[in-house]
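Listed below, chain by chain, are the residues.
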Amino acid sequence: MIFEAVSVIPEVFDPYLDASVLGRARRAGVFEFAAHDLREWTHDRHRTVDDAPFGGGQGMLMKPEPIFEAVEDLSARGTARPHVVFFSPCGAPFDERAAERLSHEERLLFVCGRYEGMDERVYALADEVLSVGDYVLTGGELAALVVIDAVARLLPGALGDDMSAVDESFSPSGLLEYAQYTRPASFRGVGVPEVLLSGDHGRVDAWRRQSSVERTARWRPDLLVGAELTDEERELARRVRAERTGEGAGDGSPLQ
Ligand code: SAH
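Just so it is clear, the model here is predicted, and its values are computed rather than measured.

Participant: For this particular structure, what's the right way to read the UniProt feature "binding site: S-adenosyl-L-methionine" (unreviewed entry) in the chain?
Facilitator: With numbering aligned to this structure, UniProt lists the feature "binding site: S-adenosyl-L-methionine" (unreviewed entry) at Gly113, Val132, Gly133, Asp134, Tyr135, Val136 and Leu137. In this structure, Val132 sits in the loop between strand E7 (128-131) and helix H5 (141-152). Among residues more than four places away in sequence, those in contact with Val132 are Leu137, Ala143, Val146 and Val147. Of note, Leu137 is situated in the loop between E7 and H5. Exposure remark for Leu137: the relative accessible area of 33% places this residue in the partly exposed category.

Participant: Help me understand the side chain of Thr216 in this model?
Facilitator: With respect to the element layout, Thr216 can be found in helix H6 (residues 201-219). From its side chain, Thr216 meets the backbone oxygen of Ser212 in a polar contact 2.6 Å long. With sequence-adjacent residues up to four places away left out, Thr216 is seen in contact with Leu175, Leu176, Pro221, Leu223 and Leu224.

Participant: It is not clear to me how the packing of H6 against helix H7 (residues 231-245) should be interpreted in this structure. Could you clarify?
Facilitator: A packed helix pair is summarised by two numbers, namely the angle formed by the two axes and the spacing between the axes. Here H6 crosses H7 at 40 degrees, and the two axes come no closer than 8 Å. Classed by the angle they form, the pair H6 and H7 counts as oblique. In this structure, H6 crosses over H7, and the sense of that crossing is right-handed. In this structure, H6 contributes Arg209, Gln210, Val213, Glu214, Ala217 and Arg218 to the contact, and H7 contributes Glu233, Leu236, Ala237, Val240, Arg241, Glu243 and Arg244. Broken down by class, the residue content of the contact of H6 with H7 amounts to five nonpolar, one polar and seven charged.

Participant: For this particular structure, what's the right way to read the site of the ligand?
Facilitator: Taken together, 19 residues lie near the ligand, and Phe87, Glu116, Gly133, Tyr135 and Leu137 sit nearest. Gly113 is positioned with one of its backbone polar atoms (N or O) 3.1 Å from an oxygen atom of the ligand. Glu116 is positioned with one of its backbone polar atoms (N or O) 2.8 Å from a nitrogen atom of the ligand. Computed on the free molecule, the ligand has an accessible area of 560 Å², of which 85% lies beneath the protein chains in the complex. Sorting the residues of the shell around the ligand by element identifies strand E5 (83-93) and E7 as the ones contributing at least two each.

Participant: How should the sheet that holds strand E1 (residues 2-7) be read in this particular structure?
Facilitator: Hydrogen bonds between backbone atoms are what pair the strands of a sheet, whose relative direction is either parallel or antiparallel. Taken in spatial order, the five strands line up as E2-E1-E6-E5-E7 in an open sheet, and their pairing is parallel. Whereas interior strands pair on both sides, the edge strands pair on one side only; in this sheet they are strand E2 (32-37) and E7. Across the sheet, the mean angle separating the axes of adjacent strands is 30 degrees when strand polarity is ignored. As paired elements, E5 and strand E6 (residues 107-111) share four bridges and run parallel to each other. Following the sheet pairing, His83 is matched in E6 by Leu108.

Definitions and cut-offs
Residues numbered from 1 in each chain as written. Predicted model: local features only at pLDDT ≥ 70, side-chain atom pairs only at ≥ 80, totals over all residues. Heavy atoms only, no water. UniProt positions renumbered as here; feature names shortened; annotations may be inferred. Helix = DSSP H or I, 4+ residues; strand = E, 2+ residues; numbered from the N terminus. Contact = heavy atoms within 4.5 Å. Buried < 20%, exposed > 50% of the residue type's maximum accessible area, 1.4 Å probe, protein only. Polar contact = N/O pair within 3.5 Å; in protein donor to acceptor, adjacent residues only side chain to side chain. Axes fitted to C-alpha atoms, helices over the stretch in contact; angles between N-to-C directions. Parallel < 35°, antiparallel > 145°, perpendicular 65-115°, else oblique. Left-handed = near helix turned anticlockwise from the far one by under 90°. Nonpolar A, V, L, I, M, F, W, Y, C, P; charged D, E, K, R; others polar. Near = heavy atom within 4 Å. Areas by Shrake-Rupley, 256 points an atom, 1.4 Å probe, with all protein chains shown as cover. Pairing = 2+ DSSP bridges.

Written out as C-alpha cells, the structure reads:
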C-alpha cells in the first residue's frame, strides 16, 4: 500500500508514522508513505496557495490551481492511479467500514486543506471526501493521519499478530469490544470476572459476547440498529437500556 499526502506542512507526518507500531510496519515495507509540499505546484515568487473568498467573509481559501496541478501530476506518476481522498467537515463520516474498504486500495492520495477550506471546484478531483468527526480542525493533516493509522493497521503484517485487528470494536460484529483485564487479578479491592480466570474458552467467549452487547447498549445504542443479535441478546440490550434510563444504574466503570 502506498499512502501519499499533499499538504502545506508536509513535515508533520513522518514523526508519527515512524513511531511505534506504524514505524515498524513502515520499515518492514507493509506500507510506504510520501508527503508532498503543495507549494511545489505554485509558480509565483511567494509560492501562494491561498486567496480571499469571492463574496467576502473571513479568512483565506485554498486556490484551485496548485491543487489541480498537484493531483494531476501525482496521478500521472507511479504505476497505479491513486484513489484521491479530500478532507472536509462536510465529508462522509470516516469509520471502521471505510477503513476496511480503503485498505484494499493500492495507492491512496490524501489532499489536506488548511485555512477556511478550499475552492469548491477542487472537489471535482476527489474520489471521495471524508470527515473524521463533527468538529473543525485547523487542517486536514490530522485527518489524514487518522485515516492512514486506521487503514495501515488493517494491512497484513502491520500488527505483527494478524489476529489482533479481527476481534475489536466495530469489527466484525458492529459492536463495541468486550471488557478486558490484565494482572493483577485483584487491584485496589476490585477483582476481575471469575470466568476469565477459569481457562474455559467456551465460557470466556460467551462472557465476552455478552459484555460486548452490554457495553454497546450502554454507550453506543445507535450501533445496535445494524447489529445481528439473538432474541436473548436483544432482551439483554433492552434491559441495559432500561436500567440506563432508570435512576443512575451503572457497573462502576468510569466509561459510563
Ligand atoms: N470552513 C470549513 C472548515 C475548514 S477547516 C467548514 O466550515 O466546513 C480547514 C481544513 O481542515 C479543511 O479544508 C479540511 O481539510 C480540514 N478539516 C477540518 N475539520 C475536519 C474534519 N472534521 N474532518 C476532516 N477534515 C477536516
